[in-house]
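# Tertiary structure, described
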Amino acid sequence: MSGTLNKVMLIGHLGDEVKIHYFEGGNCIARFPLATNETYTNRQTGEKVTNTDWHNIVVRNKAAEVCEKYLSKGDKVYVEGRLKNRQWQGEDGNMRYTTEVHVQDFTFLTTKNESMSGGQTGMSNTQQSSGTQPQHNPSNTTAPEVPIDDTEEDDDLPF
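This is a predicted model, so every value here is computed, not measured.

## Side note on the pattern of salt bridges
The full count for this structure, using the stated rule, is six salt bridges. Here Glu100 and Arg86 are joined by a salt bridge, their closest N and O atoms 3.0 Å apart. Here Arg86 lies in strand β5 (residues 76-89) and Glu100 lies in strand β6 (residues 95-110), a separation of 14 residues in the sequence. Taking the shortest distance from any N to any O, the salt bridge between Asp92 and Arg96 comes out at 2.8 Å. Each of the salt bridges in this network shares a partner with another, and the network as a whole consists of Arg31, Arg86 and Glu100.

Structural data, given as structure tokens:
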């Protein structure tokens with residue numbers, strides 16, 4: 001294989017509000033930190049251990065404006081993009097380096113209000129209250145629920 005691949009897929013929670021910066025000409029860029037967690041049980045102590053990694057997320061133009069409008073600290077989001085390294089000279093004269101995820105696609109999974117209230121994630125308010133089919137609602141920022149068909153019979157596949 002002679003090609004290369006630079007692809008990142010993350011599901012995490014916003015660690016701060018979306019910060020947006022507008023440039024001359026109408027373009028803009030938004031940045032926010034995204035936290036992902038890894039949880040495991042320590043075999044020796046039996047203690048549950050959680051490690052959090054922070055990722056610098058960068059979104060551009062119209063997608064940046066959408067993120068600023070609908071996302072807030074604590075929201076759960078799926079982002080897909082590319083890793084990019086950046087360097088600059090700090091005010092103290094030292095070179096600074098950072099790695100960022102430049103987003104190409106994203107999906108809002110839950111809002112802070114849904115995750116704090118213990119609501120069913122992935123379902124719109126219309127589905128929760130009346131049990132009817134979801135209606136198109138541009139202010140709804142959650143992903144639609146995908147029905148799971150668990151009526152399939154068990155097979156002999158090892159996975």
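## With respect to the pairing of strand β3 (residues 28-41)
Pairing analysis gives two bridges linking strand β1 (residues 8-14) to β3, with the strands arranged antiparallel. Across the sheet, His13 pairs through a bridge with Ala35, a residue of β3. In the sheet, strand β2 (residues 19-22) pairs with β3 via four bridges, with the strands oriented antiparallel. Directly across from Tyr22, in β3, lies its bridge partner Cys28. With antiparallel pairing between neighbouring strands as the criterion, β2 and β3 make up a hairpin whose turn holds five residues, including Gly25 at a positive phi of roughly 95°. In the sheet, β3 pairs with strand β4 (residues 48-60) via 13 bridges, with the strands oriented antiparallel. Residue Thr36 lies in a different strand from β4, and its bridge partner there is Asp53. Where β3 hands over to β4, the hairpin turn is made up of six residues, of which Gly46 adopts a positive phi near 75°.

## A look at unusual backbone geometry
Most peptide bonds take the trans configuration, and most residues that are not glycine carry a negative phi. Unlike most non-glycine residues, Asn61 shows phi in positive territory, near 55°. Topologically, Asn61 is positioned in helix α1 (residues 61-70).

About the thresholds
Residues numbered from 1 in each chain as written. Predicted model: local features only at pLDDT ≥ 70, side-chain atom pairs only at ≥ 80, totals over all residues. Heavy atoms only, no water. Salt bridge = Lys/Arg side-chain N within 4 Å of Asp/Glu carboxyl O. Helix = DSSP H or I, 4+ residues; strand = E, 2+ residues; numbered from the N terminus. Pairing = 2+ DSSP bridges.

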